[in-house]
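Results of the structural survey
The residues making up each chain are set out below.
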Amino acid sequence: MTAIAFIGLGNMGGGMAANLAKAGHDVRAFDLSEAARKKAGEQGCNPVDRMEDAISGAEVVVSMLPAGKHVRSVYENEGGVIELAGEGTLLIDCSTIDVQSARAVGEAAAKAGFLMVDAPVSGGVAAADGGTLTFMVGGPEEAFGKAEPILDIMGKAVIRAGESGAGQAAKICNNMLLGISMIGTCEAIALAKKLGLDPQNFFDIASQASGQCWSLTAYCPEPGPVPAAPSNRDYNPGFAVAMMLKDLKLAQEAASANGASTPMGAQAEALYAMFDALGAGNKDFSGIMKLLDGSLSESGWTR
Ligand code: NAD
C-alpha cells in the first residue's frame, strides 16, 4: 500500500482518486470544494481538510487541477507540495496545462531534488471513472519508471513522450487534431444532409472509406450512428466546449511561441470561441454540429 496525496477531485480527479483507493492505496484526498472531498470519502479515499495533511507523509503526490496557474500555486507557493513533501516523494501532475508552466514546475521540483512527471490524459470522465485513460508522460526516465505503475491503475495506456513538458506538448497537439477533425466531420455530415443523403447511410460509407476518423466512428456528432456518443443525449459532456477551447488556445500559444504554422488549428480555435461566446460552453464539443448545420437557433442553447 502506497500513501498517495491526491489534489484536485473534480470531474476527472474524483474518479482517478477512487480507482487508486480501489486498488488498495491509502489515498489522502484534498480539494478546495467540500462536496468533492465528501464524495471522495464515499468512494474509499481519506478526505482531508488541509492540503498539508494530504502531503505530509505521502510517498506520491498526484494532482488533477484546472490550469497552469493552479498547478504552479499548488506546487510552488509557500506551504505547497515542493516545500512540504518529504524526501523522495514522487510528483505526478495529470492536469492539462501550458508547456511553459509544466516545464517551470518540473524544473522547480528537480531543483528541490524531486522526481516529477507531467502526465496529462486523453479520455473523458467515463475513462477517468473506468480507469481507461491514456497518459502522455513527460519527465526523466527514472521518474517515468516510478510513475508508470501508479498511472497503470488509472489508465489503459501510459506512454512516455520525452523530457519535462513533453506530455503537455503531446496532449495539446492531439487535442488540436481532435478539434480540427471534429469540425471537419460536422461539415461533411452537414453537407451530406443538404445533398439529401441519409446521415446513417453517409456514416456507413465514410466510416469504411478514407474519411474515417475517431470523431466520426467513436464520437459521431450526428445523433444515431454511435449510441454512446454525446450527440444522443442533447450533447451533454463528455468533453465540454470550454475545455476544448482551452486546449486549442494552448496549442495556438505554443505554435506562436515556437514558430509553427497551424492555420487549421487557428480556425478551430476561432470557431470554438464563437460557439462558446454564443452560450454553448457547457455543451459537449461535438455540439458544434448545430453551429455548422444551421440548427443552433432551434437548440435553446444560445444566450
Ligand atoms: P474540474 O473543474 O471538474 O476539477 C478541478 C478541481 O480542482 C475542482 O474540484 C477544484 O475545486 C479543484 N481545485 C482548484 N484549485 C485547487 C487547489 N488550489 N487545491 C485543491 N483543489 C483545487 O476539472 P476536470 O474536468 O476534472 O479537469 C481537470 C483537468 O483535466 C483539466 O486540466 C482538464 O483540462 C483536464 N482534462 C479534462 C477532461 C474532461 O473531459 N473533463 C479530459 C481530459 C483532460
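Every chain is numbered on its own, with residues counted from 1 as its sequence reads. It should be noted that, the model being predicted, local features are given only for residues of pLDDT at least 70 and side-chain atom pairs only at 80 or more, the latter also being counted only at that level, while totals for whole chains, interfaces and linings use all residues. Computation of side-chain values covers all heavy atoms of the structure but excludes hydrogens and water.

This next bit is on the packing of helix α12 (residues 241-258) against helix α13 (residues 263-280). Think of two packed helices as two axes; the pair is described by the angle between the axes and how far apart they sit. Viewed as axis vectors pointing N to C, α12 and α13 meet at an angle of 145 degrees, and their least axial separation amounts to 9 Å. Read as a crossing pair, α12 and α13 show a hand that is left-handed. Between α12 and α13, the residues in contact are Val241, Ala242, Met244, Leu245, Leu248, Lys249 and Gln252 and Gly265, Ala266, Ala268, Glu269, Tyr272, Ala273, Phe275, Asp276 and Ala280, respectively. In this analysis an axis means a line fitted to C-alpha atoms, helices contributing only their contacting stretch, and an angle means the value between N-to-C directions, from 0 to 180 degrees. Under the DSSP-based scheme used, a helix requires at least four consecutive residues in state H or I and a strand at least two consecutive residues in state E, with every element numbered from the N terminus. Left-handed describes a crossing whose near helix is turned anticlockwise from the far helix through less than a right angle; right-handed describes the clockwise counterpart. By the convention used here, residues are in contact when the closest approach between their heavy atoms is within 4.5 Å.

Whether a residue is near a molecule or strand depends on its heavy atoms: if one lies within 4 Å, it is near. In the neighbourhood of the ligand, 23 residues make up the surrounding shell, with Asn11, Met12, Asp31, Leu65 and Lys246 lying closest. Here an oxygen atom of the ligand sits 2.9 Å away from a polar atom, N or O, in the main chain of leucine 65. Interatomic distance of 2.9 Å between a side-chain N/O atom of lysine 246 and an oxygen atom of the ligand. To be clear on the numbers: accessible area is Shrake-Rupley with a 1.4 Å probe, and residue cover counts the displayed protein chains and nothing else. Considered on its own, the ligand offers 830 Å² of accessible surface; in the complex 86% of this is hidden by protein. Within the residue set of the shell around the ligand, elements represented by two or more residues are α1 (11-22), α4 (68-76) and α12. Each residue belonging to the shell around the ligand can be placed in one class, and the counts come to eleven nonpolar, nine polar and three charged. By the criterion applied in these results, polar contacts are pairs of N or O atoms within 3.5 Å in which, for protein atoms, one can donate a hydrogen and the other can accept it, and in which residues neighboring in sequence qualify only through two side-chain atoms. Any residue that is not Ala, Val, Leu, Ile, Met, Phe, Trp, Tyr, Cys, Pro, Asp, Glu, Lys or Arg is counted as polar, Gly included; the first ten are nonpolar and the last four charged.

A pocket here means an open set of points on a 1 Å grid, computed over the protein atoms alone, that has protein on both sides within 12 Å along at least five of seven lines. A cavity is instead a set of points where a 1.4 Å probe fits but cannot get out; residues with an atom within 4 Å of a point line either one. Grid points are joined across faces, edges and corners, and a volume is the space filled by probe spheres set on the points. Approximately 360 Å³ is the volume attributed to the second largest pocket. What lines the second largest pocket is a set of 17 residues, and nearest its centre among them are Val99, Ile172, Ala254, Ala255 and Asn258. Sorting the residues of the lining of the second largest pocket by element identifies α6 (99-111), α9 (166-194) and α12 as the ones contributing at least two each. The biggest single contributor to the lining of the second largest pocket is α12, with seven residues. For the lining of the second largest pocket, a count of residues per class yields eleven nonpolar, three polar and three charged. An automatic or database domain assignment supplies the residue ranges for each domain. A domain-level breakdown of the lining of the second largest pocket finds at least three residues from each of domain 1 (3-163) and domain 2 (169-292).

Once that is clear, we can look at empty space enclosed by the protein. The final tally for this structure, using the stated rule, is one cavity of 30 Å³ or more. Empty space within the largest cavity amounts to approximately 60 Å³. Along its surface, the largest cavity is lined by Val71, Asp93, Ile97, Ser101, Ala102, Val105, Gly106, Met116, Val117, Asp118, Gly138 and Ser164. Sorting the residues of the lining of the largest cavity by element identifies α6 and β6 (115-118) as the ones contributing at least two each.

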